[in-house]
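# Architecture and fold: a report
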Amino acid sequence: MQRHVASEPPFEAVADHSRSAETDLELLRDVLRLLPAGVTVQDAQGQFLIVNDAAAAQLGMADGAVPARSPRLEQRREAGCEMLRAGRPAVAEECQDDGRARQVLLTSHRPVRIGDRDLLISSSADISEQKAFEDQLFRSAYYDELTELPSRRVIEHRANALLRREGEGGGGGEKFALAFLDIDNFKHINDYYGHAVGDALLVELARRLCRELRDCDMLSRISGDEFLLLLSPIQSREEVAEFLKSLLDRLSAPFFIDGSEIFASTSIGVSLCPDHGQSYDVLRHCADLAMYRVKNDGKGAAEFFDAGMEHEAQARMKVEQSLRLAILEKRFCCAFQAKVDIRTREIKGIEALVRLRDHEGVIQAPGTFINLAVELGLIDELTHLVLAEIVKSIDRINATFGPDTTISINVAAKQAGNPEFMQSFARALEATGFPTRFMIEVTEDAFVAKTHFQDEILPIFRKLGVGISIDDFGIGYSSLSALADITADEIKIDRSFITDIHKRPRSQGILRAIESLSEALGMTVIAEGLESHEELAYLQAATRIRYAQGYYFSGPIFLEELKPATPLASDARAGVASRPPQETRYANARGNRYRR
Ligand code: C2E
Ligand code: MG
Ligand code: MG
């Protein structure tokens, strides 16, 4: 085995000594020149003795050119002299930003003494890409990409710092307020205008929110349409209330995005430190509860936390638990309400309205649990339970209302836009063996939302012969002109237009417009919530509307409590606590007619 000793020439294969040295030097120069790392050698004055290709590119020198007097080179020269004076190896990160691109070099410098000269050998790796990636990671951890606002971590960190100061000051620290903001019905806006407009709205809203903040306040986007605002310091609750009032005013002005004028309100819940809590989690929870209260009280306002909200939340949790249990135990039943021909009193169809039987046997109306079931993702199961109940009772339904009446089932807008559920529901309807008896009732929001409902889901139901009904028409987000694009069989005009219709010229005008448009589009019109003789008389005299549904004819009824051909006892009415006095008589079950 051969070994190199210090005195031996390094490249033995070359026989001629002087030629070999020259060639070796040439070879070394080439290797050095082509190394991917930037290599420079500087003398004690910082002058560059060697600059390889990579270093020339990194330092912005033309290939092989004498170094120009650029700031970058000057910097390197000075740094070189300093390193040599210090006489220690060092590693440094050098960042160069020419406004167009950012270059980051990781350079290790090593002072050496060769012969009688002090030299600095530097080797640089370009880590720009890695750095950009790290920066991106950092930004996405601490900043929201869309609005460029700080993330929840940052605001939490800031609140915790304030709380520590408060603790150290023996409670005499700065007061601050934490406000939780949630845009109302943002999902509708997103569904209707599309996600690009939704995003633009969030950016614009964030801008408006920031407009009057002090440097010491902080706004953070914590998720989708939720923001947290930290106001610190504050003097009083009144000061915060006043500020939020002006904020709400600013937010209620329309947004002009992509040619659309969009109105968006925001609900705000506020907690105060130290009054409502001394930890971030507690304060955040309190602000959350206050926001929830605003949502339930009609939205678009700001409210401060109070202790009653905590009790409300516990009660809500109880309802949530009991709803889950009720689904598990299948404690649901259906009441049926007829759709009646207002001229002949014949029953055209019935609508299944779900009811929950609680453990004490008390019947709960859907108003208390449907939205929660949607929120908790339990509604699909519930709808399948309703269908199962109908199938189970079909003989009784036929005997009571007639074998040809349509049977309507309500489907929540969220379900309607979910192809997976709707396909499984269509299969279940088909499996009954009588799919053509069914109609599904969905609110107009389902039609106007940019989901697959109208284009992909409806055709499946049409193919099965299942009818489509637009429920509660007039109170949703569609306009009359949107009706032209909707393919449905039936349109149910919301009760709010029908109540006292004989006394309300504006509602009469709207009714006429809906009526003629529906007629032109071949849709059957049903008036919902007909309660009085006067309302009926108006519909009969002034409109061509044929059908109505309402307490005037009958409230929802339970089949098992109904004795056909006998007058309805008041307890046979399936309306719940707020039901109207019993005034309807179910006159002729087999003839399927209502008579007053
Ligand atoms: P909806 O589909 O518009 O049903 C009509 C509601 O108005 C029913 O309330 C009915 O009892 C009530 N009503 C009928 N006639 C009158 C009247 O003359 N005056 C008044 N004041 N009210 C009348 P209910 O049964 O409490 O149902 C409320 C809503 O719950 C329904 O409105 C529907 O949107 C929803 N719902 C009911 N069952 C289901 C279901 O199985 N699935 C889904 N997703 N939603 C359901
Ligand atoms: Mg309905
Ligand atoms: Mg309705």
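Residues numbered from 1 in each chain as written. Chains lettered and ligands numbered in written order. Predicted model: local features only at pLDDT ≥ 70, side-chain atom pairs only at ≥ 80, totals over all residues. Heavy atoms only, no water.

### Focus on the overall build of the protein chain
Looking only at helices and strands, the protein chain has 20 helices and 23 strands in total. Relative to its full complement of 596 residues, the protein chain shows a buried share of 45%. Taking the intrachain contacts of the protein chain between residues at least 6 apart in sequence as the baseline, contacts between residues at least 24 apart amount to 61%. Entry remark: accessible area of the protein chain is about 30800 Å², with carbon and sulfur atoms responsible for 52%. (Helix = DSSP H or I, 4+ residues; strand = E, 2+ residues; numbered from the N terminus. Buried < 20%, exposed > 50% of the residue type's maximum accessible area, 1.4 Å probe, protein only. Contact = heavy atoms within 4.5 Å. Areas by Shrake-Rupley, 256 points an atom, 1.4 Å probe, with all protein chains shown as cover.)

### Quick look at the pattern of salt bridges
Enumeration according to the criterion identifies 31 salt bridges in this entry. The residue Glu560 makes a salt bridge to Arg357 at a minimum N-O spacing of 3.8 Å. Taken together, the residues span a long stretch of sequence, with Glu560 in the loop between β21 (547-549) and β22 (585-588) and Arg357 in strand β14 (residues 347-357) at a distance of 203 residues. Given the relative accessible area of 32%, Arg357 is considered partly exposed. (Salt bridge = Lys/Arg side-chain N within 4 Å of Asp/Glu carboxyl O.)

### Here's the deal with the site of ligand 1
Residues in contact with ligand 1 amount to 22 residues; listed here are only the nearest, Glu351, Arg355, Asp471, Glu531 and Tyr551. The contact in question runs from a nitrogen atom of ligand 1 to an N or O atom on the side chain of Glu531, over 2.4 Å. The backbone of Tyr551 places a nitrogen or oxygen atom 2.7 Å from an oxygen atom of ligand 1. Burial of ligand 1 by the protein chains amounts to 83% of its free accessible area of 790 Å². Of all the secondary structure elements, the ones that give two or more residues to the shell around ligand 1 are β14, α12 (379-392) and β18 (467-473). Among the elements that make up the shell around ligand 1, the one with the highest residue count is β14 (4 residues). Among the residues forming the shell around ligand 1, the class breakdown is 10 nonpolar, 4 polar and 8 charged. (Near = heavy atom within 4 Å. Polar contact = N/O pair within 3.5 Å; in protein donor to acceptor, adjacent residues only side chain to side chain. Nonpolar A, V, L, I, M, F, W, Y, C, P; charged D, E, K, R; others polar.)

### Here we look at the side chain of Lys131
Mapped onto the fold, Lys131 is located in helix α4 (residues 128-142). Apart from the residues within four sequence positions on either side, Lys131 is in contact with Glu93 and Val104.

### Section: the coordination of the magnesium ion (ligand 3)
Ligation of the magnesium ion (ligand 3) by protein atoms is provided by Asp471 (OD), Asp472 (OD), Glu528 (OE) and Glu528 (OE), these donors lying 2.0 to 2.7 Å from the ion. In terms of primary sequence, the donors binding the magnesium ion (ligand 3) are separated according to D-D-x55-E. The metal-metal distance between the magnesium ion (ligand 3) and the magnesium ion (ligand 2) is 4.0 Å, with Asp471 serving as a donor to both. The exposure class of Asp471 is buried, given its relative accessible area of 7%. Owing to a relative accessible area of 23%, Asp472 belongs among the partly exposed residues under this scheme. (Donors = N, O, S within 2.8 Å, 3.2 Å for Na, K, Ca; no water.)

### Side note on the environment of Val91
Among the secondary structure elements, Val91 is positioned in strand β3 (residues 90-97). Residues Val91 and Ser123, spaced 32 residues apart in sequence, show a C-alpha to C-alpha distance of 9.5 Å. Other than its neighbours up to four places away in sequence, Val91 contacts Leu106, Thr107 and Ser108.

### Quick look at the sheet that holds strand β4 (residues 102-114)
Strand order in the open sheet formed by 5 strands is β2-β1-β5-β4-β3, and the pairing between neighbours is antiparallel. Two strands lie at the open edges of the sheet, namely β2 (48-51) and β3, each paired on one side alone. The sheet shows a mean angle of 25° between the axes of neighbouring strands, taken without regard to direction. Bridge count for β3 against β4 is 8 bridges, and the pairing is antiparallel. When the bridges of β4 are listed, Glu94 appears paired with Leu105. Its contacts with the sheet put α4 on β3, β4 and β5 (117-126), and the angle it makes with β4 is roughly 130°. (Pairing = 2+ DSSP bridges. Axes fitted to C-alpha atoms, helices over the stretch in contact; angles between N-to-C directions.)

Taken by themselves, the reported measurements are silent on function.
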